[in-house]
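# Working through the structure, step by step
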Amino acid sequence: MAMVNCTCLVSWLLCFVSVSAEFQRFEQPVKPDGSLSFLVVGDWGRKGSFNQTKVAHQMGRVAEELNIDFVVSTGDNFYNDGLASISDPAFEESFSDIYTAKSLEKQWYSVLGNHDYRGNVTAQLSQILQKKDNRWLCQRSFILSTEIADFFFVDTTPFVDKYFKKPSPHKYDWRGVLPRKQYLKGLLEDLELALGEPSTKWKIVVGHHTVRSIGYHGDTEELVKNLLPILQAHEVNMYLNGHDHCLQHIESTKSSLQFFTSGGGSKAWKGKSPYRTCEDNKFYYDGQGFMTLELTRAEAKIRFYDVSGQVLYNLDLSKNQYSAM
Ligand SMILES: *[C@@H]1O[C@H](CO)[C@@H](O)[C@H](O)[C@H]1NC(C)=O
Ligand SMILES: *[C@@H]1O[C@H](CO)[C@@H](O)[C@H](O)[C@H]1NC(C)=O
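Each chain carries its own residue numbering, running from 1 in the direction its sequence is written. Chain A is the first chain written and ligand 1 is the first ligand written, with later ones labelled in order. Where totals are concerned, whole chains, interfaces and linings use all residues; where local detail is concerned, this predicted model gives features only for residues with pLDDT of at least 70, and gives and counts side-chain atom pairs only at 80 or more. Water and hydrogen atoms play no part in the side-chain values, which are based on all heavy atoms of the structure.

### A word on the sheet that holds strand 10 (residues 247-251)
Strand pairing is assigned whenever DSSP identifies at least 2 bridges connecting the two strands. Only DSSP runs of H or I with at least four residues qualify as helices, and only runs of E with at least two residues qualify as strands; both kinds are numbered from the N terminus onward. Within the open sheet, the 8 strands sit side by side as 1-6-7-8-9-11-10-12. Their pairing is mixed. Strands at the two margins of the open sheet, each flanked by one partner only, are strand 1 (24-27) and strand 12 (281-285). Across this sheet, the average inter-strand angle for adjacent strands is 15°, counted without regard to direction. As defined by bridge partners, strand 10 adjoins strand 11 (residues 258-262) across 5 bridges and the pair is classed as antiparallel. Considered in strand 11, the bridge of Leu 247 is made with Ser 262. Whether two residues are in contact is decided by their heavy atoms: any pair within 4.5 Å suffices. Axis lines are fitted to C-alpha atoms, over the contacting stretch for helices. Their N-to-C directions set the angle, which ranges from 0 to 180 degrees. Each of strand 6 (142-145), strand 7 (149-154) and strand 8 (202-207) touches helix 6 (residues 180-196); the most contacted strand, strand 7, lies at about 175° to it.

As structure tokens, this is what we get:
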């Protein structure tokens with residue numbers, strides 16, 4: 001009898017553990033001086049066109065200067081329709097053959113964008129791609145832990161209602177996402193659990209879609225409603241995204257949260273959303289470029305660079321400057 005009870009308890013515990021630890025965790029060491037530096041780029045994979053190659057060149061130069069530890073990709077990795085299969089040459093043509101600088105031979109941590117969902121998602125998430133180019137790491141939602149910062153990568157495309165409307169001009173690969181309600185509920189619960197763990201590190205959330213933006217797409221209402229309250233409740237410091245093909249900083253007045261868009265990896269110049277204004281917008285650039293972050297335990301240096309490598313925006317944050325008094 002005792003044996004049976006014990007087995008029950010163990011399987012119940014295992015079940016509980018697997019439910020509450022849904023996000024896979026990766027570890028990344030910090031530099032010997034305890035700092036980290038990395039690039040953030042989004043909306044890039046166009047086989048070099050629309051200045052993707054020029055941006056890549058500047059990324060290589062700046063990555064060397066900063067001796068970066070990794071790259072964050074905010075999604076829309078392969079245009080227009082993701083990868084067709086694991087042998088789609090777009091993987092090399094848009095990624096391996098473009099970001100060729102030695103300084104960019106670091107781990108890339110990527111989320112999926114809506115254009116990636118228009119291809120074969122299983123292929124883009126496949127470990128086989130890591131064998132082709134060991135820099136590649138793409139998952140729907142996952143955690144990257146370091147000594148000074150935790151990064152929470154969130155799969156935002158399934159939140160957006162319009163992609164599920166029928167008839168749809170595009171086909172989306174929703175395998176692994178349906179039933180949608182259950183998927184989103186599980187994702188948010190897992191995120192809350194992970195963000196709720198006591199921590200004095202930076203909390204940085206990465207997703208493809210905007211939460212707040214004055215760019216072409218503007219705010220993503222579904223994320224303002226479902227994700228933003230969780231980010232605020234858990235005192236997240238930064239939300240990094242792409243989707244709008246611009247570079248942007250929006251400050252939040254209600255919490256410590258700062259919104260950064262880095263979606264300038266290739267095609268840009270789409271214009272601002274004509275009907276959105278935002279008094280908290282600190283910086284907006286409608287062209288190509290990327291973002292850099294240099295982190296220590298207490299300070300963050302943020303820079304936006306354009307296609308010719310000029311620094312467009314410069315922001316120093318201290319971790320506690322926006323904390324509740
Ligand atoms: C590429 O960048 C150059 C500046 O270096 C700019 O003049 C040109 O318009 C850009 N091309 C595209 C397609 O955005
Ligand atoms: C998608 O990619 C997977 C993994 O490479 C492959 O098994 C599958 O046949 C591809 N096509 C479709 C339609 O799923």
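The discussion continues.
### Quick word on the pattern of salt bridges
The term salt bridge refers to a pairing of a side-chain nitrogen on Lys or Arg with a carboxyl oxygen on Asp or Glu at a separation within 4 Å. Within this structure, the stated rule accounts for 15 salt bridges. For Arg 61, the salt bridge goes to Glu 65, with nearest N and O atoms at 3.2 Å. Taken together, the residues span about one helical turn, with Arg 61 and Glu 65 both in helix 2 (residues 52-66) at a distance of 4 residues. Relative accessibility under 20% of the residue-type maximum defines a buried residue, over 50% an exposed one, and the middle range a partly exposed one, all with a 1.4 Å probe and only protein chains included. The class of Glu 65 is exposed, set by a relative accessible area of 55%. The residue Glu 189 makes a salt bridge to Lys 185 at a minimum N-O spacing of 3.2 Å. With Glu 189 and Lys 185 both in helix 6, this residue pair falls 4 residues apart, about one helical turn.

### Quick word on the nonpolar core
Among the nonpolar cores identified, the biggest contains 62 residues, and Leu 39, Met 59, Tyr 99 and Tyr 239 are the most heavily contacted of them. Where this core is concerned, the elements lending two or more residues are strand 2 (36-41), helix 2, helix 3 (90-96), strand 5 (136-138), strand 7, helix 6 and helix 8 (228-233). Looking at this core, the element that brings in the most residues is helix 6, giving 7 residues. Side-chain atoms within 4.5 Å are what join buried Ala, Val, Leu, Ile, Met, Phe, Trp, Tyr and Cys residues into a set we call a nonpolar core. Counting residues in each nonpolar core, the second largest holds 33 residues, with Phe 26, Leu 137, Leu 247 and Leu 293 among its members.

### Quick look at the site of ligand 1
Surveying the vicinity of ligand 1 reveals the residues Asn 51, Lys 54, Trp 269, Gln 288 and Val 307. For ligand 1, an oxygen atom lies 3.0 Å from a polar atom in the side chain of Gln 288. The residue makeup of the shell around ligand 1, split by class, is 2 nonpolar, 2 polar and 1 charged. Residue proximity to a molecule or strand is established when one non-hydrogen atom of the residue lies within 4 Å of it. Nitrogen and oxygen atoms within 3.5 Å of one another constitute a polar contact, given that in protein one can donate a hydrogen and the other can accept it, and given that sequence-neighbouring residues count only through two side-chain atoms. Three residue categories are used. Nonpolar comprises Ala, Val, Leu, Ile, Met, Phe, Trp, Tyr, Cys and Pro, charged comprises Asp, Glu, Lys and Arg, and polar comprises the others, including Gly.

### Observations concerning the pairing of strand 9 (residues 238-241)
By the alternation rule, side chains of strand 9 split into Met 238 and Leu 240 and Tyr 239 and Asn 241, which are all buried. As defined by bridge partners, strand 8 adjoins strand 9 across 3 bridges and the pair is classed as parallel. Along strand 9, the bridge assignment pairs Val 206 with Leu 240. With 4 bridges connecting them, strand 9 and strand 11 associate as parallel partners. Residue Met 238 lies in a different strand from strand 11, and its bridge partner there is Gln 258.

### Some words on the site of ligand 2
Close to ligand 2 lie Ile 86, Asn 120, Ala 123 and Arg 175. Between Asn 120 and ligand 2, the recorded distance is 2.4 Å, taken from a side-chain N or O atom to an oxygen atom. A distance of 2.9 Å is found between an oxygen atom of ligand 2 and a side-chain nitrogen or oxygen belonging to Arg 175. For accessible areas, the Shrake-Rupley method is used with a probe of radius 1.4 Å. Any residue's cover is judged against the shown protein chains and nothing else. The fraction of the free accessible surface of ligand 2 (360 Å²) that becomes covered by protein chains is 45%. Looking at the shell around ligand 2 residue by residue, the classes come out as 2 nonpolar, 1 polar and 1 charged.

### Here we look at unusual backbone geometry
Residue Pro 167 is bonded to the preceding Lys 166 through a cis peptide linkage, with omega at 0°. Backbone torsion omega between Leu 178 and Pro 179 reads -5°, so that peptide bond is classified as cis. Assignment of secondary structure puts Pro 179 in the loop between strand 7 and helix 6. A positive phi angle, close to 55°, is found at Phe 50, a residue other than glycine. Considering the arrangement of structural elements, one finds Phe 50 in the loop between strand 2 and helix 2. Even without being glycine, Asn 51 reaches a positive phi, approximately 70°. Assessed through its relative accessible area of 30%, Asn 51 is described here as partly exposed.

Taken by themselves, the reported measurements are silent on function.
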